[in-house]
Amino acid sequence: MTKPFDQAILVADPNDHHRQQITNILAQHGFERVYCAADGAHLAELLKAKLDLGLIVLSERLPDCQLAELCRVLVDEPGELNVPILVLLEPPPADPSQREALRSLQAHGVILVEKPLRAQDFLPLVQLALVLRDERRQRHRLEEEVLTELAEHKILEARLKYLVLHDELTGIGNRRRLEQILQLAIHHCQAYKQESALLYLDLDRFNVINDLEGHDAGDRLLVEVVNLLRHTVTDKCTLARIGADEFCIHLPGADQGKALATAETIRQAMDEFRFLTPNDCYHISVSIGVALLSPALPIQHPNEWIAKAHQACYIAKTHGRNLVNLYDAKDLAATHFNDVRWVPLLRAALKQERFQLVFQPVVRLKDGLISHYEVLLRMLGENGKIFTPDAFIPVAERMGLIHNIDLWVVEHAIDFLSSLPSDQNHVALTVNLSGHAFQNHKLLPFLEEKLESTWVSPKRLIFEITETAAIANFERTLSVIAKLRSLGCGFALDDFGTGFSSFEYIKNFPVDYVKIDGQFVQNLPNDETDRVLVKAIVEIAHKLGKQVIAEYIETSSTLNLLRGLDVDYGQGFLLGKPKPKLLDCKTIALTAIATADRPLVN
């Protein structure tokens, strides 16, 4: 804030004596910058000089001046001239109407002082006027700041509202805007049977240009691509950027033919487009996925629709890029997206103990004695749905979670055995291991520690691995089997007969059981070739000192054939379904089901 004494004071009075008197009073009290005018013309020149005025002192009888009008202009001036005014009144009033106009301006910073002028009265009014001037200036600055902040806030608010639904670089819609449009399209499809389509565009090898030419060139490429798309599609379409180089186009009212035709037009336009840089000329192509919406192809959520279009685009990329591909739920590549959905479910199941063991009896076929139980795994979904291993084990293998599941099964199988009463100390379990389990160096130390801490006999555990998994890493598998057997555990080779060299491998695998692949068992009564193969497996296994298990026994005719072929053990729904608890009985009455094609245990 400017000090009061530093501010200029303008005195306008036609009387030389009065001007000098006022100047002397002000000078005696430290005011050095005093400017004087004898008439309106001189006053106007001083006002134009843009002086840093703190106060204006005017005589009511100043010639060549419309005093009331001048005061009104000065008090309304929004800039630095917005200063308080002291008007010196001289009796009697020369113009009563002017005097009345001046009185009406008192609320706006005009101070009226009657002559004769005395220093003791005049000086406090000057000081009051200067304080008033500073306050008015400060208020004016605050008002300007508030107005500026409000304007900036409104601009920022408008910009934020824009960016909520738009891509900042290209100006087209973003994912949120796209989801709004798709949600409306889904509603129109449900309510009015309106068709539409979604195109998912992914620029091929965009990262190459970004890396070679820099991000500025990459941004310029994206802007040029958007301009090309705008000229290629109709105004009714919604264009959105949902990734670095990924775009979506919603085509309202489009059926399959129109959607594919539009996508092909875009692909051709992109194929003919050339991106120029100071260093090179680049050919740009695009892979496009198409996902349809119609009453026959309903979709419940925008993200589901986008995911389908994305999957279709992924297929186009895997088939060589620069292609258009229509979404098909049967595409094998959709497995990749299925994995993404399964991973958090599997992690949650491990953390929240939502895996469950069930037990299926393995029966000695000569007398029906339950030899042991195979441990099978189930997963409980959040909604109570039960998933079998074929739904989640392949995902766990691909996504690196199989080791955690293997260890979970081993741990809980041993805990189950340790929890059984003493009269069930004879119960043994077969535990399935994934092909990846033998690559996990934690398995053997974990197993040894668990057996020691629970006092469970290793002989009550039989580990099982498929023939295909065993052959995939033969040397490593052989080493782990040897170590497991050295602990006292048994071992079974599952799905035997599926490999081309099955009989060669069986000689070298130190296993106790050979489990015939179910595909040879299920159709045994109707396929003579299967009977010949099963007979050969049994004979060779027995000569090598191994016992044979047949799975998938579902009919009594299959059971009778297996018994006739001298198969040692059987397993299947006819003999007992997988249950969370062990069967109460110790033997299965095989003779009771030898003539009836129905399961004994439900």
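What you see is a predicted model; the values in this text were computed from it and never measured.

(A) Broad picture of a nonpolar patch on the surface. Side chains of Val-146, Leu-147 and Leu-150 sit close together on the surface and give an oily, nonpolar patch of about 280 Å² of accessible area. In this structure, Leu-147 sits in helix H5 (residues 119–165). By relative accessible area, Leu-147 is classed as exposed at 58%.

(B) Fine view of the packing of aromatic side chains. Applying the stated criterion across every chain, the model contains 6 aromatic pairs. Between Trp-342 and Phe-392, the ring centres sit 6.4 Å apart and the planes meet at 40 degrees, which makes this aromatic pair tilted. Of this pair, Trp-342 sits in helix H11 (residues 334–351) while Phe-392 sits in helix H12 (residues 389–398), and the two are 50 residues apart along the sequence. Phe-392 gets classed as buried once you look at its relative accessible area, which sits at 0%. These aromatic residues form a ring-pair network of at least three members: Trp-342, Phe-355, Phe-387, Phe-392 and Trp-408. Over the face of the ring belonging to Phe-573 we find Lys-577, whose NZ or CZ atom lies 5.4 Å from the ring centre.

(C) Representation of the layout of surface pockets within the structure. In this model, the largest pocket occupies a volume close to 990 Å³. Listing elements by their share of the lining of the largest pocket, those giving two or more residues are strand E13 (355–364), strand E14 (370–380), H12, helix H13 (402–419), strand E17 (461–466) and strand E18 (490–496). Among the residues forming the lining of the largest pocket, the class breakdown is 16 nonpolar, 8 polar and 10 charged.

(D) Structural detail: the sheet that holds strand E12 (residues 324–326). Spatial ordering of the open sheet is given by E7-E8-E6-E11-E12, a layout of 5 strands whose pairing is mixed. Looking at the sheet topology across the chains shown, the edges are occupied by strand E7 (238–241) and E12. When the angles between neighbouring strand axes are averaged without regard to direction, this sheet yields 20 degrees. Sheet topology note: the strand E6 (residues 196–203)/strand E11 (residues 286–293) ladder contains 8 bridges and is antiparallel. Paired with Asp-202 across the two strands is Ser-287, which belongs to E11. Where helix H8 (residues 215–232) meets the sheet, it contacts E6, E7 and strand E8 (246–252), and its direction lies at approximately 15 degrees from that of E8. The strands touched by helix H9 (residues 256–272) are E6, E8, E11 and E12; relative to E11, the strand with the most contacts, the crossing angle is about 165 degrees.

(E) The arrangement of unusual backbone geometry in detail. Backbone geometry at Lys-193 places phi at a positive 60 degrees, although glycine is not the residue there. Note on placement: Lys-193 falls in the loop between helix H6 (175–192) and E6. For Lys-193, a relative accessible area of 57% puts it in the exposed group. Of note in this structure, Asn-322 is not a glycine but carries a positive phi near 55 degrees. You can see Asn-322 is positioned in the loop between helix H10 (302–318) and E12.

(F) The confidence of the model for the chain, seen in detail. Taken over all residues, the pLDDT of the chain has a mean of 84, while the share at 70 or more is 90%. In the model, residues 597–602 has pLDDT below 50 throughout and makes 20 contacts with residues more than four positions away in sequence or in other chains.

(G) Up close: helix H14 (residues 443–454). In this model H14 runs 16 Å from its N-terminal to its C-terminal C-alpha over 12 residues, within 8% of the 16 Å that 1.5 Å per residue would give. Positive phi shows up at Trp-455, right after H14, with a value of about 60 degrees.

(H) Seen up close, the state of the cysteines. Scanning the entire structure with this criterion turns up 0 disulfides. Considering cysteine sulfurs only, Cys-237 is the nearest to Cys-189, which forms no disulfide, with 17 Å between them. Judged by its relative accessible area of 5%, Cys-189 is buried.

(I) Focus on the sheet that holds strand E3 (residues 53–59). Taking strand neighbours across the sheet as the criterion, the 5 strands line up as E2-E1-E3-E4-E5 in an open arrangement whose pairing is parallel. Here the strands that pair on one side only, and so sit at the sheet edges, are strand E2 (34–37) and strand E5 (110–114). Across the sheet, the mean angle from the axis of one strand to that of its neighbour is 20 degrees, orientation sign disregarded. As judged from the 4 bridges shared by strand E1 (residues 8–12) and E2, these two strands associate in the parallel manner. Of the residues in E2, the one forming a bridge with Ile-9 is Val-34. Packed on one face of the sheet, helix H2 (residues 40–48) meets E1, E2 and E3 and runs near 145 degrees to E2.

(J) Local environment of the packing of helix H7 (residues 206–213) against H8. Orientation of H7 relative to H8, taken along the N-to-C sense of each, is 140 degrees, at an axis distance of 6 Å. By the criterion of interaxial angle, the relationship of H7 to H8 is oblique. For the pair H7 and H8, contact is made by Phe-206, Ile-209, Asn-210 and Glu-213 and by His-215, Ala-217, Gly-218, Leu-221 and Leu-222, respectively.

(K) Inspection of the nonpolar core at higher detail. Core analysis: the largest hydrophobic core is formed by 77 residues, its most contacted members being Leu-346, Phe-355 and Phe-463. The element contributing the most residues to this core is H13, with 10 residues. Contact partners of Phe-463, with chain neighbours within four places excluded, come to Val-410, Val-431, Leu-433, Leu-447, Leu-484, Cys-489, Gly-490, Phe-491 and Ala-492. Ranked by size, the runner-up nonpolar core spans 32 residues in total, among them Ile-172, Ile-209, Val-225 and Val-286.

(L) A look at the side chain of Asn-174. One can find Asn-174 in the loop between H5 and H6. Reaching out from Asn-174, the side chain makes a polar contact with the backbone nitrogen of Arg-177 at a distance of 3.0 Å.

(M) Quick peek at the pairing of E18. With 6 of 7 residues buried, E18 lies mostly within the body of the structure. One ladder, built from 5 bridges, connects E17 with E18; its direction is parallel. Bridging from a neighbouring strand, Thr-466 pairs with Asp-494 of E18. Alignment of E18 against strand E19 (residues 513–516), held across 3 bridges, turns out to be parallel. Along E19, the bridge assignment pairs Phe-496 with Ile-516.

(N) Inspection of the pattern of salt bridges at higher detail. Under the defined criterion, the tally for this structure stands at 19 salt bridges. Put simply, Asp-367 and Arg-364 hold a salt bridge, and the shortest N to O gap is 2.5 Å. A residue is classified by how much of its surface remains accessible, and Asp-367, at 38% relative accessible area, is partly exposed. A cluster of three or more residues bridged by salt bridges with shared partners is formed by Asp-13, Arg-61, Glu-90 and Lys-115.

(O) A look at the pairing of strand E20 (residues 547–550). Here E19 pairs with E20 via 4 bridges, running parallel. Opposite Lys-515, over in E20, you have Ile-549 as the bridge partner. Taken together, E19, helix H18 (residues 528–543) and E20 constitute a β-α-β crossover, and its handedness is right-handed. The pairing of E20 with strand E21 (residues 569–570) spans 2 bridges and is classified as parallel. From the neighbouring strand, Ile-549 faces E21, where its bridge partner is Tyr-569. Taking the sense of rotation as the criterion, the β-α-β connection linking E20, helix H19 (residues 556–564) and E21 turns out right-handed.

Analysis parameters
- Residues numbered from 1 in each chain as written.
- Predicted model: local features only at pLDDT ≥ 70, side-chain atom pairs only at ≥ 80, totals over all residues.
- Heavy atoms only, no water.
- Patch = residues over 30% accessible without salt bridge, like charges linked within 9 Å, V, L, I, M, F, W, Y side chains within 5 Å.
- Areas by Shrake-Rupley, 256 points an atom, 1.4 Å probe, with all protein chains shown as cover.
- Salt bridge = Lys/Arg side-chain N within 4 Å of Asp/Glu carboxyl O.
- Helix = DSSP H or I, 4+ residues; strand = E, 2+ residues; numbered from the N terminus.
- Buried < 20%, exposed > 50% of the residue type's maximum accessible area, 1.4 Å probe, protein only.
- Phe/Tyr/Trp six-rings, centres within 6.5 Å; stacked < 30°, edge-to-face > 60°.
- Lys NZ or Arg CZ within 6 Å of the ring centre and 35° of its normal.
- 1 Å grid on protein atoms, 1.4 Å probe; cavity = no way out; pocket = protein on both sides within 12 Å on 5 of 7 lines; lining within 4 Å.
- Points joined across faces, edges and corners; volume = space filled by probe spheres on them.
- Nonpolar A, V, L, I, M, F, W, Y, C, P; charged D, E, K, R; others polar.
- Pairing = 2+ DSSP bridges.
- Axes fitted to C-alpha atoms, helices over the stretch in contact; angles between N-to-C directions.
- Contact = heavy atoms within 4.5 Å.
- pLDDT = per-residue confidence, 0-100.
- Expected span 1.5 Å × (residues − 1).
- Disulfide = S-S within 2.5 Å.
- Parallel < 35°, antiparallel > 145°, perpendicular 65-115°, else oblique.
- Core = buried A, V, L, I, M, F, W, Y, C linked by side-chain atoms within 4.5 Å.
- Polar contact = N/O pair within 3.5 Å; in protein donor to acceptor, adjacent residues only side chain to side chain.
- Right-handed = clockwise from strand over helix to strand, strands pointing away.

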